[in-house]
Amino acid sequence: MSANVTVVVRYQEPFAKAIVKNMIVVVLGVSINYINASLFHTFSKHQIFYRNPRYILFIHLVVNDMIQVTLTITMFIISYTIYQIYVSICWAIILLALLATENTPLNLACMAVECYIAVCMPLRHTQICTTRRTLLLIGLIWITSMASVLPDLFITLATESPDFYRSRILCLRENAFPNPLLVKKRDAIHSVFLVTVWITIFYTYFKILFTAKAASKDAKKARNTILLHGFQLLLGISKYIAPPVLSGLKRWFPQHYVDYLFAYYIIVQILPRSISPVIYGVRDNTFRRYLKRYLICKSLYSNRSEASGNEFQKKAKDLTTS
C-alpha cells in the first residue's frame with residue numbers, strides 16, 4: 001500500500017550527485033528485476049511449481065514486485081529529467097504501480113495462511129489449497145486492490161475540469177488525484193487493510209508457534225517465513241510514519257532534505273522488494289535447487305557460445321590467411 005508511489009521532487013542539487021542517485025536506483029532496480037526474472041523463468045519451466053499453491057502465490061508476489069520496481073524507478077528518473085508529464089500518462093503509471101503495491105500485503109497475508117494450513121492442518125492442505133482456488137484467490141486480490149484504487153480515478157474524472165486532464169504535472173499521487181476527500185478515503189481503506197493483514201500474520205504465526213508440531217523442522221521454517229513476511233510488511237507500512245518524520249527533518253535540517261527523501265525512497269520502495277527472492281528463492285530447498293540448475297545451464301550455454309564464437313573467428317581468420 002502506498003500513499004505516494006515516488007517521493008522525489010525537484011530540489012537544486014549538484015548534477016554529479018543527481019547522476020549518482022539515479023545510477024544507484026537503476027542498478028538496484030535492474031538487479032532486483034534480474035533476480036526476480038530468473039525466479040519467474042525457473043517457476044515457468046517446471047510443473048512442480050505451477051501446480052503448487054505456495055509457489056503460485058510466491059511468483060504472483062514476484063511479478064507484482066517487478067511491476068512496482070519498474071514503474072517507481074521510471075517515475076524517479078522522470079522526476080529528475082522530464083520533471084512533468086501529462087496527467088493521463090501519470091494516471092496510467094500510478095494506477096498500475098498502486099495496484100501492484102496494494103496487492104503485496106494481501107498476497108503476504110494469503111501466503112501466511114497457506115503456511116498455517118500446511119503446518120497446522122497438513123491432512124487437509126491438499127483439499128483446501130488447490131491450484132484453482134489459489135488462482136481465484138489471486139483474482140480476488142486484484143479485485144480488492146482495484147476497488148481501493150480505481151475510485152480515485154473516477155472521483156477525479158467527475159470533479160476536475162477538462163483543462164486538468166490536458167495539463168502536465170509532477171507525477172505524484174496527490175497531484176494526479178488532488179481531491180482532498182480521497183486522502184480520507186485512502187486512510188480509511190489502508191487502516192482496514194493493515195489491521196486485517198496484521199491480525200492474519202500474528203494469528204497464523206502464533207498458531208504455528210503453539211501447534212503440537214511446533215518442534216518440527218517444517219513448523220520452525222514456516223514461523224521464520226511468516227516473520228520475514230512481517231518484516232517485509234513492516235518496511236512497506238513505514239510510509240505511514242514517514243510524513244511527520246520527513247516534515248521534522250525538513251524543518252531541522254533543510255539543507256539535507258533531498259537526501260532524506262532519497263533514503264526514504266530506497267528503504268520504502270526498493271528494499272522491501274529485495275526480500276521476496278530471499279523468502280523462497282534462496283531459503284526454499286526445492287526452488288533453490290532448480291534455480292541453481294537454471295543458472296548453471298545458463299552459464300554453460302554462455303561459455304559454449306563464446307567458445308563457438310572464438311572457434312568461428314579462428315576458422316575465418318585461417319581462411320582469410322590462406
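Refer to the preceding data block for the structure.
The shown structure was predicted, so the numbers you read here are calculated from the model rather than taken from an experiment.

Draft legend 1. Representation of the state of the cysteines in the model. Inspection of every chain in the model, using the stated rule, returns 1 disulfide. With no disulfide of its own, C115 lies closest to C129 among cysteine sulfurs, the gap being 9.7 Å. You can call C129 buried: its relative accessible area is 14%.

Draft legend 2. Molecular detail of the environment of T134. With respect to the element layout, T134 can be found in helix α6 (residues 131-159). Placed 83 residues apart in sequence, T134 and R51 show a C-alpha to C-alpha distance of 9.9 Å. Apart from the residues within four sequence positions on either side, T134 is in contact with P53, I56 and L57.

Draft legend 3. Fine view of a nonpolar patch on the surface. A cluster of nonpolar residues, F15, I19 and M23, forms a patch on the protein surface that exposes about 350 Å² of accessible area. Following the sequence through the fold, F15 ends up in helix α1 (residues 15-44).

Draft legend 4. The nonpolar core, seen in detail. The biggest cluster of nonpolar side chains holds 37 residues, and the ones touching the most others in it are F43, I208, I226 and F287. Those elements that place two or more of their residues in this core are α1, α3 (53-80), α4 (87-120), α6, α9 (180-209), α10 (217-237) and α14 (285-321). Per-element accounting of this core gives the leading share, 10 residues, to α4. In this structure, I85, I93, L98 and A176 belong to the second largest nonpolar core, which totals 21 residues.

Draft legend 5. Up close: the packing of α3 against α4. Following both chains from N to C, one finds α3 and α4 inclined at 155°, their axes separated by 8 Å at the closest point. As judged from the angle between their axes, α3 and α4 are roughly antiparallel. You can see that α3 and α4 cross each other, and the crossing is left-handed. Per-class residue counts for the contact of α3 with α4 are 17 nonpolar, 7 polar and 3 charged.

Draft legend 6. Structural view of the packing of aromatic side chains. A full pass over the atoms with the stated rule returns 11 aromatic pairs. Summarising the aromatic geometry, the rings of F164 and Y165 are spaced 6.4 Å apart at their centres and angled 70° between planes, so their arrangement reads as edge-to-face. Residue F164 is classed as buried on the basis of its relative accessible area, which comes to 13%. When its relative accessible area of 23% is taken as the criterion, Y165 is described as partly exposed. Chaining the aromatic ring pairs together yields one cluster made of W91, F164, Y165 and F177. Sitting over the face of the ring of Y86, R168 holds its NZ or CZ atom 5.1 Å from the ring centroid.

About the thresholds
- Residues numbered from 1 in each chain as written.
- Predicted model: local features only at pLDDT ≥ 70, side-chain atom pairs only at ≥ 80, totals over all residues.
- Heavy atoms only, no water.
- Disulfide = S-S within 2.5 Å.
- Buried < 20%, exposed > 50% of the residue type's maximum accessible area, 1.4 Å probe, protein only.
- Helix = DSSP H or I, 4+ residues; strand = E, 2+ residues; numbered from the N terminus.
- Contact = heavy atoms within 4.5 Å.
- Patch = residues over 30% accessible without salt bridge, like charges linked within 9 Å, V, L, I, M, F, W, Y side chains within 5 Å.
- Areas by Shrake-Rupley, 256 points an atom, 1.4 Å probe, with all protein chains shown as cover.
- Salt bridge = Lys/Arg side-chain N within 4 Å of Asp/Glu carboxyl O.
- Core = buried A, V, L, I, M, F, W, Y, C linked by side-chain atoms within 4.5 Å.
- Axes fitted to C-alpha atoms, helices over the stretch in contact; angles between N-to-C directions.
- Parallel < 35°, antiparallel > 145°, perpendicular 65-115°, else oblique.
- Left-handed = near helix turned anticlockwise from the far one by under 90°.
- Nonpolar A, V, L, I, M, F, W, Y, C, P; charged D, E, K, R; others polar.
- Phe/Tyr/Trp six-rings, centres within 6.5 Å; stacked < 30°, edge-to-face > 60°.
- Lys NZ or Arg CZ within 6 Å of the ring centre and 35° of its normal.

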